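# Tertiary structure, described
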Amino acid sequence: MKITILEKGPDEEEEIIVKCDYLDENITRLLNQFKAGKSKLSFYKDSQIVLLEQSDIFYFESVDDKVFAYTADSVFETKLKLYQLEEELPANVFFRANKAVIVNLDKINSLSPAFGGRFEAVLQNGYKVMISRNYLARLKEILGL
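Throughout, a residue's number is its position along its own chain's written sequence, starting from 1. Only residues with pLDDT of at least 70 get local features here, since the model is predicted, and only at 80 or more are side-chain atom pairs given and counted; chain-wide, interface and lining totals rely on the full set of residues. The side-chain numbers reported here are obtained from all heavy atoms of the structure, hydrogens and water having been left aside.

## Observations regarding the environment of Glu25
Mapped onto the fold, Glu25 is located in helix H1 (residues 25–36). Along the sequence, Glu25 and Ile49 sit 24 residues apart, while their C-alpha atoms lie 30 Å from each other. Strands are runs of DSSP state E lasting at least 2 residues, helices are runs of H or I lasting at least 4, and numbering of each runs from the N terminus.

## Points about the pattern of salt bridges
Think of a salt bridge as a Lys or Arg side-chain nitrogen and an Asp or Glu carboxyl oxygen that are within 4 Å of each other. Applying the stated rule across the entire model yields 3 salt bridges. We note a salt bridge from Arg138 to Glu141, for which the minimum N-O separation is 3.0 Å. Here Glu141 and Arg138 lie together in helix H3 (residues 133–143), a separation of 3 residues that amounts to about one turn. Summary of the burial criterion: residues with accessible area below 20% of their type's maximum are buried, those above 50% are exposed, and those between are partly exposed, where the area comes from a 1.4 Å probe applied to protein chains only. Overall, Arg138 belongs to the partly exposed group, its relative accessible area being 27%.

## Focus: the sheet that holds strand E10 (residues 128–131)
In sheet architecture, strand pairing relies on hydrogen bonds along the backbone and comes in two forms, parallel and antiparallel. Spatially, the 3 strands line up as an open sheet ordered E8-E9-E10, and their pairing is antiparallel. Lying at the two open borders of the sheet, with one neighbouring strand each, are strand E8 (108–113) and E10. The average undirected angle you get between the axes of adjacent strands in this sheet is 25 degrees. Each pair of strands is called paired provided DSSP finds at least two bridges between the two strands. Direction of pairing for strand E9 (residues 119–123) relative to E10: antiparallel, over a ladder of 4 bridges. When the sheet's bridge partners are listed, Val122 is paired in E10 with Lys128. On top of the sheet, H3 reaches E8, E9 and E10; it is set at about 105 degrees to E10, its chief contact. Each axis is a line fitted through C-alpha atoms, and for a helix only the stretch in contact is used; angles between axes span 0 to 180 degrees, taken between their N-to-C directions. Note on definitions: a residue-residue contact is assigned when non-hydrogen atoms from the two residues lie within 4.5 Å.

## Details of unusual backbone geometry
Residues apart from glycine generally show negative phi values, whereas peptide bonds are mostly found in trans. If you check the backbone angles, Ser47 has positive phi at about 60 degrees while not being a glycine. Inspection of the secondary structure assignment puts Ser47 in the loop between strand E1 (40–45) and strand E2 (48–53).

## Quick look at the side chain of Thr78
Within the element layout of this structure, Thr78 appears in strand E5 (residues 75–78). Assessed through its relative accessible area of 5%, Thr78 is described here as buried. A polar side-chain atom of Thr78 sits 3.2 Å from the main-chain amide nitrogen of Leu80. Contacts of Thr78, omitting those with residues within four sequence positions, involve Ser42, Phe43, Val67 and Leu85. By the criterion applied in these results, polar contacts are pairs of N or O atoms within 3.5 Å in which, for protein atoms, one can donate a hydrogen and the other can accept it, and in which residues neighboring in sequence qualify only through two side-chain atoms.

## As for the pairing of strand E4 (residues 66–70)
The buried fraction of E4 amounts to 4 of the 5 residues, a majority that puts the element mostly inside the structure. The pairing of strand E3 (residues 59–63) with E4 spans 5 bridges and is classified as antiparallel. Considered in E4, the bridge of Val63 is made with Lys66. From the end of E3 to the start of E4, which pair antiparallel, there are 2 residues, and Asp64 there has a positive phi angle of about 50 degrees. Where E4 meets E5, 4 bridges bridge the pair, whose relative direction is antiparallel. Pairing of Phe68 across the sheet is with Glu77, part of E5. Between the antiparallel neighbours E4 and E5 lie 4 residues.

Dropping the structure here:
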């Protein structure tokens, strides 16, 4: 993939041009993010609405039909389902680790093999996330392994 960045002229509008054989899901997600311009997500905590940068989130977890976002020191609830977050978040940063968890790849300190063909990811806050073997091929693809 080649990336070219050109400086725009004073009377020109900013534009993004994508040349590809076909629009796969990764390119579509990326284009949707550019269109939306969203780097913050809204969450709920103690009857307040809180806006967080995506980069502050370590992982999302689904527990009893509720979805929670975990940061370094807090937990927030979101009304979105995991599949909705998966569609909205950048696929090269947020990865579906198992049926109940989406993890921020930028927050992983280490990966190690675990029992049954799974992997264990240790996050920067010390939390451990199991990566199901069903999602392992996608992780290897993202990491270039």
